[in-house]
Amino acid sequence: MSHLHTHQGAEGTGYAQPSPLASAETLNIPDGLRRQRLPALPRLSEPEVVRHYTWLSTRNFGIDTGFYPLGSCTMKHNPRVNEVIAQLPGIADIHPLQPESHLQGLLCIFYEMQEMLATCSGMDAVTLQPVAGAQGEFTAIRCIQEYHRMIGQDGRTKVIVPDSAHGTNPASAAMAGYEIVEIPSAEDGRLDLEALRTAVGDDTAAMMITNPNTLGIFEPDIAEASQIVHDAGGQMYYDGANFNAILGKTSPGLMGFDAVHYNLHKTFAQPHGGGGPGSGPIGVKKHLVDFLPGPIAKRVPLRKDEPETEVSDAWRYHWWRPSKSIGKVQQWHGNAGAIIRSWAFYRRYGNELETMTEHAVLNANYLRHRITSEAESQGVADSFNDGAPADVVKHEFTLSLAPLKEAKGVGAMDVAKGLLDHGYMAPTVYFPLVVPECVMVEPTETESKEVLDAFAANFVKVLQEDAETLHAAPKSTPVGRVDEVHAARNLWLKHDTEQEE
Amino acid sequence: MVDQLPNLGRESEMLSAMGMESMDELFADIPDEVRMNATLPLPGPQSEEEILADARRLLGANVALSQRVSFLGAGLYRNFVPSAVFQLINRGEFLTAYTPYQPEVSQGMLQAMWEFQSMVADLVGLPISNVSVYDGSTAAAEALTCAVRVHNRKALQKDTVWVSGLIPPDRMSVIHNYTQGGGIEVKTLKHNEDGTLDLASAARASGSCGVYVEQPNPFGILDEGLTGLKEILGENTALIVGVQPTSLGIIEAPGEYGADIVVGEGQPLGSPLTFGGPVYGIFACKEAYLRQMPGRIVGRSVDSKGREAYCLTLSTREQHIRRHRATSNICTNETLIALMGAMHMALLGPEGIRDLAIRNMAACQSLKAQIEDTPRLSLLHPDAAHYNEFAISLPGKAADALRYLDEYGIIGGLDLSTWYSEMTNQLLVCATDQTSSEDIDSLVRHLGHWAKEVKG
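This text gives an overview of the structure that appears in the document. What you see is a predicted model; the values in this text were computed from it and never measured.

1. Comments concerning unusual backbone geometry
Part 1 of the reasoning: Cis geometry is found at the peptide bond from asparagine 211 of chain A to proline 212 of chain A, where omega equals 0 degrees.
Part 2 of the reasoning: By secondary structure assignment, the location of proline 212 of chain A is in the loop between β4 (204–209) and α8 (222–231).
Part 3 of the reasoning: Residue proline 295 of chain A is bonded to the preceding glycine 294 of chain A through a cis peptide linkage, with omega at 0 degrees.
Part 4 of the reasoning: Mapping proline 295 of chain A onto the fold places it in the loop between β7 (282–284) and β8 (296–301).
Part 5 of the reasoning: Even without being a glycine, aspartate 159 of chain B presents a positive backbone phi close to 50 degrees.
Part 6 of the reasoning: As for its position among the elements, aspartate 159 of chain B is in the loop between α6 (136–151) and β3 (160–164).

Structure below.
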């Protein structure tokens, strides 16, 4: 093990800096605010820092390391030119309080992204401000809340979510002050229209749902569901986590939704960075536009007497602040760095984004088929069921390992750990909650047929391994199975020299 | 596009393995009534080279602060992030990983985040830090809702928090959005003429759930009075202090003067300005707040063989487990930017972060001294100590001064009427470790010249 804090070089070890413009003694720090002891940071030279973090990186699995079939997370390849672009001074060194004349290039890119997202989703306007999917959900729900207040519908206090929804949906609505009504899925994992009809009423503010749902299944009755909610006076909110499955094939607008968030870190290849940053812009239909957080990029034609800019010979870009805006959800204008990367990703596909979707869905169905046929040929087809019956899935699919658990006490988590020993990141497990012993697989469009074939073979191999092996897995990873119960019961949350001894 | 899709051109082979003939069959489950049938009305695909050329042209048209003489801060601060940070952060094992839900193959990021927690906790003087929230504004907002969850039962002022009246409107707006759903009332604390907190009136906040103040405050003032605030508020009211983290190299850690929660905009440690995002929010607290805090936390544990190992812990607070009863809806956070912060701190070391703070404060003080000596310019808070920034009273409109300076290639700072409409003649200027004495001379010369000429 290498610990950062065991590096304790001589006093003064660390990054060498130019001299200050005035000496420390001349600073007028109020006596009571003078720091009494130096921060207890470790003391490392640059070679030690570089080696430490490089070593840590070798103990981490990313998409670059291997196949990452983590359902619901859309772990697609992150094109490297995007990283080059995001470090250009024109994005790295600009400040949101600069005048519009300093920001024409950025405004142009924001405008292009807003227009593209609105076009692909069938919405009327987009704000890029929310910095994560969950924040997008919260922002849109806030817009709906203010809309209802404006039209005298304050009595709408409930938000409906299916029991298979992402956890952020109910959490975001609750943060805005709503009561959550969870409706059960039908037997086949799909939305239960009868349950929805029972749930809606004049207290319904909105329904939050993703389509395809978290089982990877397209909800065929979605238009009718929208109708039911609208008839009750509620709004339809589209959780865009699964947008990679439908882009160019259908849109939330066509399905009857009023608001939607996009996960740029899923669909548009902003790297996940070990947990973030993401970006969660939202799009809305006309009646909600005035409530969006601003500023939003707009453009006007150059007047005859106005000179061309470096950006355009026809347009001048500017900020626009919606009149009844809910205000801000982040201090500045969103995760611009993520938006720039996603713009570069979008430009690669342009009007052929549909091809991306097709390949994501092709890969998911192909892998599902390969796992099934491999299991059949190995005689272990009875170790799992489909999470939901379907002729075709969209970008991901679920399997229930309940039969395997029943037969030999091997659960979804054991299989997940077993896959780690075969060099794969594990799929999502135990989500959605409606599928017992659920394994949720999303290959994305950037995996080759060979990778999918090999994964299917290895997945089936893991199903055949004996229970003892799988309970002890993983064996080949930097550490063995980590004791999460121990971690929660013996909270050790920071470096502490005494505790380490 | 061709270079991104490995199975392009092999569709029929894969389809036929499934007994299908066309891609359309994969989408047969989407009812006709909601099908999009036309090609997306967007421009055609581009190659990497074309994208890069467009990006260079468009982003090149922006005016980067590094290309000008700049005194704009107001919450984001120009800094120098050592080159090693950018090299290391682009390692694909960090860059392209998801949240470390499978700890056995995520030890690298988990340990790095545990080390981040350790360094942040020590810097702010509290026992616990999470692995980041979105930014400084959401950190402040989440701290206030956290304080309500912890203190509301015993609070004399139920569902009430107090916030410094100097907090800029955009940050206040975020606080409003995060607190309104819980029915939390946000009251504002008064300040004295000299820019410090009015401690006498702050006593009114005692018995509420929490109080949010900033050190340095939005006018850059280091307010010594805040060290006595916890005593005024009492045990049952959370003291929440927002910090500029580099200042803590020389300024007392708020934990040492009674802060219960410390939050802040992490950007000055590790991250370029990046137009304000992605940056990262610092969130640290005392143990009493641990189970009500937002965001992810890494714990040190053991593996099946008793070896040291790390994993996410206390997840039962989070949305994926607790759903609508979660402490926050946050899922994706700013881990990679926090990792940049960790690397920056590791490179600096104890003396390095002290020296960085000295450079920031020294630049500010040098600028202040020269402004003070310039005819027709005066300091709004002449008796205060400042870190990074301070407000100048001008003989004319700040907006005019900024336009004038822009003609000379100087980004002069923030027209304070952007925040407070009545402050039309006040300019907030910021100096950091990246400010040179030539920059200062240039601003003082041109602003002095403008002040001399302007009618006022």
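What follows picks up the thread again.
2. Here we look at the interface of chain B and chain A
Part 1 of the reasoning: Every contact between the two is made by 191 residues of chain B and, on the other side, 204 residues of chain A.
Part 2 of the reasoning: Interface of chain B and chain A: buried area, both sides summed, is about 16,900 Å²; carbon and sulfur atoms make up 62% of it.
Part 3 of the reasoning: Its largest share of buried area at the contact with chain A, chain B owes to Glu104, Phe275 and Arg323 of chain B, together 6% of the area lost on that side.
Part 4 of the reasoning: Counting across the interface, chain B meets chain A through 11 salt bridges.
Part 5 of the reasoning: Put simply, glutamate 351 of chain B and arginine 43 of chain A hold a salt bridge, and the shortest N to O gap is 2.7 Å.

3. Remarks on empty space enclosed by the protein
Residue and element names in this part refer to chain B.
Part 1 of the reasoning: Evaluation of the coordinates by the stated rule reveals eight cavities of 30 Å³ or more.
Part 2 of the reasoning: The computed volume of the largest cavity comes to approximately 330 Å³.
Part 3 of the reasoning: Along its surface, the largest cavity is lined by 28 residues, and Gly75, Tyr77, Arg171, Glu214 and Val243 are the ones closest to its centre.
Part 4 of the reasoning: Taken together, the elements giving at least two residues each to the lining of the largest cavity come down to α6, β5 (210–215), β7 (238–243) and β8 (261–265).
Part 5 of the reasoning: Ranked by residues supplied to the lining of the largest cavity, first place goes to β8 with three residues.
Part 6 of the reasoning: Of the residues belonging to the lining of the largest cavity, the class tally is 13 nonpolar, 10 polar and five charged.
Part 7 of the reasoning: No fewer than three residues from each of domain 1 (65–79 + 348–453) and domain 2 (84–345) sit in the lining of the largest cavity.

4. Here we look at α8 of chain A
Residues and elements named next belong to chain A.
Part 1 of the reasoning: Buried residues of α8: Ile222, Ala225, Ser226, Ile228 and Val229, and no others. For α8, the angular spread of buried residues about the axis comes to 160 degrees, placing them on one side.
Part 2 of the reasoning: Buried-residue contacts for α8 involve α7 (193–199), β4, β5 (235–238) and α9 (252–255).
Part 3 of the reasoning: Just past α8, the residue glycine 233 takes up positive phi, approximately 90 degrees.

5. Observations regarding the packing of aromatic side chains
Part 1 of the reasoning: Under the defined criterion, the tally for this structure stands at 23 aromatic pairs over all chains.
Part 2 of the reasoning: Taken together, a centroid distance of 6.1 Å and an interplanar angle of 85 degrees make the contact between phenylalanine 110 of chain A and phenylalanine 275 of chain B edge-to-face. Note that phenylalanine 110 of chain A is positioned in helix α4 (residues 104–121) and phenylalanine 275 of chain B in the loop between β8 and β9 (281–285), a pairing that runs across two chains.
Part 3 of the reasoning: Here tyrosine 404 of chain B and tyrosine 408 of chain B contribute two aromatic rings whose centre-to-centre distance is 5.1 Å and whose plane-to-plane angle is 50 degrees, an arrangement assigned as tilted.

6. Concerning the pattern of salt bridges
Part 1 of the reasoning: Overall, the coordinates contain 42 salt bridges over all chains when judged by the stated rule.
Part 2 of the reasoning: Here glutamate 450 of chain A and arginine 10 of chain B are joined by a salt bridge, their closest N and O atoms 2.8 Å apart. Of this pair, glutamate 450 of chain A sits in helix α14 (residues 449–464) while arginine 10 of chain B is found in the segment before α1 (11–17), placing the two residues in two different chains.
Part 3 of the reasoning: Since its relative accessible area comes to 22%, arginine 10 of chain B is described here as partly exposed.
Part 4 of the reasoning: Here arginine 354 of chain B ties to aspartate 355 of chain B by a salt bridge, and the two come within 3.2 Å at their closest N and O atoms.
Part 5 of the reasoning: Look at arginine 354 of chain B and you get partly exposed, because its relative accessible area is 27%.

7. Section: the pairing of β7 of chain B
Residues and elements named next belong to chain B.
Part 1 of the reasoning: Counting buried positions along β7 yields six of six residues, so the element is predominantly enclosed.
Part 2 of the reasoning: In terms of strand pairing, β5 meets β7 through six bridges, oriented parallel. Looking at β7, one finds that glutamine 215 is bridged to valine 243.
Part 3 of the reasoning: In terms of strand pairing, β7 meets β8 through four bridges, oriented parallel. Each residue of the ladder has a partner; that of isoleucine 240, found in β8, is isoleucine 261.

8. As for the pairing of strand β10 (residues 297–302) of chain B
All names here are of chain B.
Part 1 of the reasoning: Among the six residues that make up β10, five are buried, leaving the element largely enclosed by the rest of the structure.
Part 2 of the reasoning: Bridge count between β10 and strand β11 (residues 308–313): six bridges; the pairing is antiparallel. Among the inter-strand pairings, serine 301 is bridged to a residue of β11, identified as alanine 309.
Part 3 of the reasoning: Counted between consecutive antiparallel strands, the loop separating β10 from β11 contains five residues, among which glycine 306 sits at a positive phi close to 80 degrees.

9. Considering the layout of surface pockets
Part 1 of the reasoning: Empty space within the largest pocket amounts to approximately 1,000 Å³.
Part 2 of the reasoning: Lining of the largest pocket is provided by 44 residues; of these, Thr428 and Val429 of chain A together with Tyr101, His320 and Ile321 of chain B occupy positions nearest its centre.
Part 3 of the reasoning: Elements with a contribution of two residues or more to the lining of the largest pocket: α5 (133–150), α13 (412–420), β12 (428–429) and α16 (484–489) of chain A together with β11 and α10 (319–322) of chain B.
Part 4 of the reasoning: In terms of residue class, the lining of the largest pocket is made up of 19 nonpolar, 17 polar and eight charged.
Part 5 of the reasoning: As a volume, the second largest pocket reaches approximately 790 Å³.
Part 6 of the reasoning: Taken together, 31 residues line the second largest pocket, and the ones lying closest to its centre are Leu97, Gln98 and Pro99 of chain A together with Leu414 and Thr418 of chain B.
Part 7 of the reasoning: Looking at the lining of the second largest pocket, the elements that each hand over two or more residues are α7 (169–180), α12 (398–407), β15 (410–411) and β16 (414–415) of chain B.
Part 8 of the reasoning: Within the lining of the second largest pocket, the residues separate by chemical class into 14 nonpolar, 10 polar and seven charged.

10. Side note on a negative patch on the surface
Residues and elements named next belong to chain B.
Part 1 of the reasoning: Residues Glu193, Asp194, Glu372, Asp373 and Asp383 make up a contiguous surface patch of negative charge.
Part 2 of the reasoning: Tracing the backbone through its elements, the reader meets glutamate 372 in helix α11 (residues 335–372).
Part 3 of the reasoning: Take glutamate 372: its relative accessible area is 44%, and that puts it in the partly exposed class.

Analysis parameters
Residues numbered from 1 in each chain as written. Chains lettered and ligands numbered in written order. Predicted model: local features only at pLDDT ≥ 70, side-chain atom pairs only at ≥ 80, totals over all residues. Heavy atoms only, no water. Helix = DSSP H or I, 4+ residues; strand = E, 2+ residues; numbered from the N terminus. Contact = heavy atoms within 4.5 Å. Buried area = accessible area lost by both parts, 1.4 Å probe. Salt bridge = Lys/Arg side-chain N within 4 Å of Asp/Glu carboxyl O. 1 Å grid on protein atoms, 1.4 Å probe; cavity = no way out; pocket = protein on both sides within 12 Å on 5 of 7 lines; lining within 4 Å. Points joined across faces, edges and corners; volume = space filled by probe spheres on them. Nonpolar A, V, L, I, M, F, W, Y, C, P; charged D, E, K, R; others polar. Domains from an automatic or database assignment. Buried < 20%, exposed > 50% of the residue type's maximum accessible area, 1.4 Å probe, protein only. Arc of directions from axis to C-beta. Phe/Tyr/Trp six-rings, centres within 6.5 Å; stacked < 30°, edge-to-face > 60°. Pairing = 2+ DSSP bridges. Patch = residues over 30% accessible without salt bridge, like charges linked within 9 Å, V, L, I, M, F, W, Y side chains within 5 Å. Areas by Shrake-Rupley, 256 points an atom, 1.4 Å probe, with all protein chains shown as cover. Lys, Arg positive; Asp, Glu negative; His and termini not counted. Charge placed at Lys NZ, Arg CZ, Asp CG, Glu CD.

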